[in-house]
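Residue strings, one per chain:
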Amino acid sequence: PVGTLLIKNPSYVFINTLPVALLAGTIVVRLRREKLAANVGWARQRTAGKQARKRLARARSMSTVDKANQFHAELSSAFTSYIADKLNISPHGLTTETISQLLQDKSVDTTLTAEIVGLLRQCDFARFASASVSAEGMSTALKSAEDLMTRMEGVKLA
């Protein structure tokens, strides 16, 4: 209409701010990608939880008695890799005792550390002495692992 200012029209404001918002978004994404590429340790820490959840989901899909060894190996690997990624160390060669010591050095709650070590030992026992594996035990181990992973998300390791 004649006599109204074009700048007061919402579509005009939207169309003119859209390129600026897109440019700002592109800059933010570019800076984040550069930081991920430049700092591998930071990238591992940022993606550790997501990778661990994927491993737990994979373990959940293997939670049948005939795949008990694979299930417990995946469960153990989820925790070992998660802790290694959070601390920016290699997961290869990490033992239960080493993990326990690393968590103690980072002042992680002793009950949480004991529960993680207990779960890892349970997984090792089930993998290498699989005669006593049951579907109920696997379900309990998976629920325990998910609970521990949730509690570990709130712990600062780095």
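The structure we're discussing is the one just above.
Structure report, in brief. Treat the numbers as computed from the prediction; the structure is a model and nothing was measured.

### Some remarks on the overall build of the chain
Thinking step 1. A count of helices and strands for the chain gives 6 helices and 0 strands.
Thinking step 2. The C-alpha atoms of the chain give 24 Å as radius of gyration, which overshoots the globular expectation for 158 residues (15 Å, by more than 25%).
Thinking step 3. Projected onto its principal axes, the C-alpha positions of the chain cover 85 × 35 × 25 Å.
Thinking step 4. In the chain, which comprises 158 residues, the share counted as buried stands at 30%.
Thinking step 5. Sequence-distant contacts, at least 24 apart, represent 68% of the contacts inside the chain between residues at least 6 apart.
Thinking step 6. Carbon and sulfur atoms make up 58% of the accessible area of the chain, which amounts to about 10,100 Å² in all.

### A few points about a nonpolar patch on the surface
Thinking step 1. Nonpolar side chains collect at one region of the surface, where L5, L6, I7, Y12 and V13 lie side by side and expose about 480 Å² of accessible area between them.
Thinking step 2. Relative to the elements of secondary structure, L5 occurs in the segment before α1 (10-38).

### Regarding the pattern of salt bridges
Thinking step 1. In total, this model carries 10 salt bridges according to the counting rule given.
Thinking step 2. Between E34 and R30 there is a salt bridge, with the nearest N and O atoms lying 2.8 Å from each other. One end of the pair, E34, and the other, R30, are both in helix α1, 4 residues apart, so they sit about a helical turn from each other.
Thinking step 3. Exposure remark for E34: the relative accessible area of 40% places this residue in the partly exposed category.
Thinking step 4. In this structure, D85 and R44 form a salt bridge, with 2.7 Å as the shortest nitrogen-oxygen distance.

### Some words on the nonpolar core
Note that soluble globular proteins tend to have their nonpolar side chains buried in a common cluster.
Thinking step 1. If you look at the biggest cluster of nonpolar residues, it comprises 33 residues, and the most contacted ones within it are F71, L75, F79, I83, L103, I116 and M152.
Thinking step 2. Considering each element in turn, this core owes the most residues, 9 residues, to helix α3 (residues 68-87).
Thinking step 3. Each residue touching L75, except ones within four places of it in the same chain, is listed here: L56, A59, C123, A141, L142 and A145.

### Some details on unusual backbone geometry
Thinking step 1. One non-glycine residue, N88, adopts positive backbone phi at about 55°.
Thinking step 2. Residue class for N88 comes out partly exposed when judged on its relative accessible area of 39%.
Thinking step 3. The backbone of S107 shows a phi angle near 60°, a positive value even though the residue is not glycine.
Thinking step 4. Structurally, S107 can be placed in the loop between α4 (96-105) and α5 (110-128).
Thinking step 5. Of the residues examined, S107 reaches a relative accessible area of 66% and is grouped as exposed.

### Describing the packing of α1 against helix α2 (residues 40-61)
Thinking step 1. Their axes nearest at 5 Å, the elements α1 and α2 cross at an angle of 110°. As far as their axial angle goes, α2 and α1 are roughly perpendicular. Across the interface between the two elements, R32, K35, L36, A37 and A38 of α1 pack against V40, W42, A43 and R46 of α2.
Thinking step 2. For the contact of α1 with α2, a count of residues per class yields 6 nonpolar, no polar and 3 charged.

Analysis parameters
Residues numbered from 1 in each chain as written. Predicted model: local features only at pLDDT ≥ 70, side-chain atom pairs only at ≥ 80, totals over all residues. Heavy atoms only, no water. Helix = DSSP H or I, 4+ residues; strand = E, 2+ residues; numbered from the N terminus. Rg over C-alpha atoms; globule rule 2.2 N^0.38 Å. Buried < 20%, exposed > 50% of the residue type's maximum accessible area, 1.4 Å probe, protein only. Contact = heavy atoms within 4.5 Å. Areas by Shrake-Rupley, 256 points an atom, 1.4 Å probe, with all protein chains shown as cover. Patch = residues over 30% accessible without salt bridge, like charges linked within 9 Å, V, L, I, M, F, W, Y side chains within 5 Å. Salt bridge = Lys/Arg side-chain N within 4 Å of Asp/Glu carboxyl O. Core = buried A, V, L, I, M, F, W, Y, C linked by side-chain atoms within 4.5 Å. Axes fitted to C-alpha atoms, helices over the stretch in contact; angles between N-to-C directions. Parallel < 35°, antiparallel > 145°, perpendicular 65-115°, else oblique. Nonpolar A, V, L, I, M, F, W, Y, C, P; charged D, E, K, R; others polar.

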